[in-house]
Amino acid sequence: LFQSITNISNIQVALGVLTGLALLCFVGRIVIRLKYQRQLCLDDAFLILAAATLVAATGILYHICYFLYLHSAALLDPEVLPYVVADFNQLLNLQKKTYPYLALIWTTTYAVKACFLAFMRPLVWHISRGVNWYYWFTITFSLVSWAFAVAEPFIICPYFGLDASECRCSLS
């Protein structure tokens, strides 16, 4: 169990460093955009959404990281079950925290994709009708994919707490 706690701190440090690096790049881009173009565009709005959802998702992951490790340990090694009993209620409610995390992290991913698509629009709109059709197909497909990615955990297991035992899936 001590080795898992050490790994948790390593994961949290790596998560913090990578999130900080992403936010530093985001702030740098916004500063450059405001300094040279003196305005923000649609692609910047998607990037702002991505940064906000990344911060929220990182906060949730920091909050549930220990319980994710505990859940994995209980699944992989039945000998740790006596240690898990103290946090049993937290583990039962883990889905209530994991599902919003998944929705936020998928929203982050697709907001960055939308940022690229918004940035590319002025570059491709005049090339040909086929490229325009492909561009709008990509937007539609991305929107449908995002909606499915956010809804998928609820589709797989719409129950929470003790009722989630009806589902035959794992959070890990």
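Keep in mind that this is a model prediction, so the values were computed, not measured.

About the thresholds
- Residues numbered from 1 in each chain as written.
- Predicted model: local features only at pLDDT ≥ 70, side-chain atom pairs only at ≥ 80, totals over all residues.
- Heavy atoms only, no water.
- Helix = DSSP H or I, 4+ residues; strand = E, 2+ residues; numbered from the N terminus.
- Buried < 20%, exposed > 50% of the residue type's maximum accessible area, 1.4 Å probe, protein only.
- Contact = heavy atoms within 4.5 Å.
- Areas by Shrake-Rupley, 256 points an atom, 1.4 Å probe, with all protein chains shown as cover.
- Core = buried A, V, L, I, M, F, W, Y, C linked by side-chain atoms within 4.5 Å.
- Phe/Tyr/Trp six-rings, centres within 6.5 Å; stacked < 30°, edge-to-face > 60°.
- Salt bridge = Lys/Arg side-chain N within 4 Å of Asp/Glu carboxyl O.
- Patch = residues over 30% accessible without salt bridge, like charges linked within 9 Å, V, L, I, M, F, W, Y side chains within 5 Å.
- pLDDT = per-residue confidence, 0-100.

A.B. asks: Any details on the overall build of the protein? Residues and values, ideally.
C.D. replies: The number of helices and strands found in the protein is six helices and zero strands. For the protein, the proportion of its 172 residues judged to be buried stands at 30%. Contacts spanning at least 24 positions in sequence make up 64% of the contacts within the protein whose residues lie at least 6 apart. Surface accessibility of the protein: about 11,400 Å² in total, with carbon and sulfur atoms responsible for 71%.

A.B. asks: I'd like a rundown of the nonpolar core, residues and numbers included.
C.D. replies: Ala 57, Leu 61, Ile 64, Phe 67, Leu 94 and Tyr 101 together form the largest nonpolar core, which totals six residues. Secondary-structure elements contributing two or more residues to this core are helix 2 (42-76) and helix 5 (94-124). No other element matches helix 2, which puts four residues into this core. Excluding anything up to four places from it in sequence, Ala 57 contacts Tyr 101, Leu 104 and Ile 105. One finds Ile 30, Leu 47, Ala 51 and Cys 115 within the second-largest nonpolar core, a separate group that totals five residues.

A.B. asks: Explain unusual backbone geometry residue by residue, including any values.
C.D. replies: Glycine aside, the phi torsion of most residues is negative, and most peptide linkages are trans. Of note, Arg 38 is a non-glycine position whose phi angle comes to about 60°, a positive value. Tracing the chain through its elements places Arg 38 in the loop between helix 1 (2-36) and helix 2. Residue Arg 38 is classed as exposed on the basis of its relative accessible area of 70%.

A.B. asks: Can you break down the packing of aromatic side chains residue by residue, with the values?
C.D. replies: Using the criterion set out here, one finds four aromatic pairs in the structure. Ring plane angle 40° and centroid distance 6.0 Å describe the contact between Trp 106 and Tyr 110, whose orientation is recorded as tilted. Of the two residues, Trp 106 and Tyr 110 are both situated in helix 5; the distance of four residues between them amounts to about one turn of the helix. On the basis of relative accessibility, which here comes to 18%, the residue Tyr 110 falls in the buried class. Note on Phe 137 and Phe 141: the rings are 5.9 Å apart at their centroids and 20° apart in plane angle, and the pair reads as stacked. You can see Phe 137 and its partner Phe 141 sitting in helix 6 (residues 129-156), four residues apart, about one turn around the helix.

A.B. asks: Please set out the pattern of salt bridges residue by residue, giving values where relevant.
C.D. replies: Counted by the stated rule, this structure contains four salt bridges. Put simply, Arg 33 and Asp 44 hold a salt bridge, and the shortest N to O gap is 3.5 Å. Here Arg 33 is found in helix 1, whereas its partner Asp 44 is found in helix 2, with eleven residues between them in sequence. Accessibility classification places Arg 33 together with Asp 44 in one group, the buried group. A network of salt bridges, in which partner residues are shared, links Arg 29, Arg 33, Asp 43 and Asp 44.

A.B. asks: Residues and numbers for a nonpolar patch on the surface, please.
C.D. replies: Taken together, Leu 18, Leu 21 and Leu 24 make up a surface patch of nonpolar side chains, about 330 Å² in accessible area. One can find Leu 18 in helix 1. On the accessibility criterion, Leu 18 (57% relative accessible area) is exposed.

A.B. asks: Run through the confidence of the model for the protein, naming residues and quoting values.
C.D. replies: Within the protein, residue pLDDT values average 83, and 83% of them lie at 70 or more. Within the protein, the element-level pLDDT minimum falls on helix 4 (residues 88-92), averaging 68, and the maximum on helix 6, averaging 90.

A.B. asks: How would you sum up the environment of Cys 115? Please name residues and give values.
C.D. replies: Relative to the helices and strands, Cys 115 is located in helix 5. On the basis of relative accessible area, Cys 115 is assigned to the buried category, the value being 4%. Other than its neighbours up to four places away in sequence, Cys 115 contacts Arg 29, Asp 43, Phe 46 and Leu 47.

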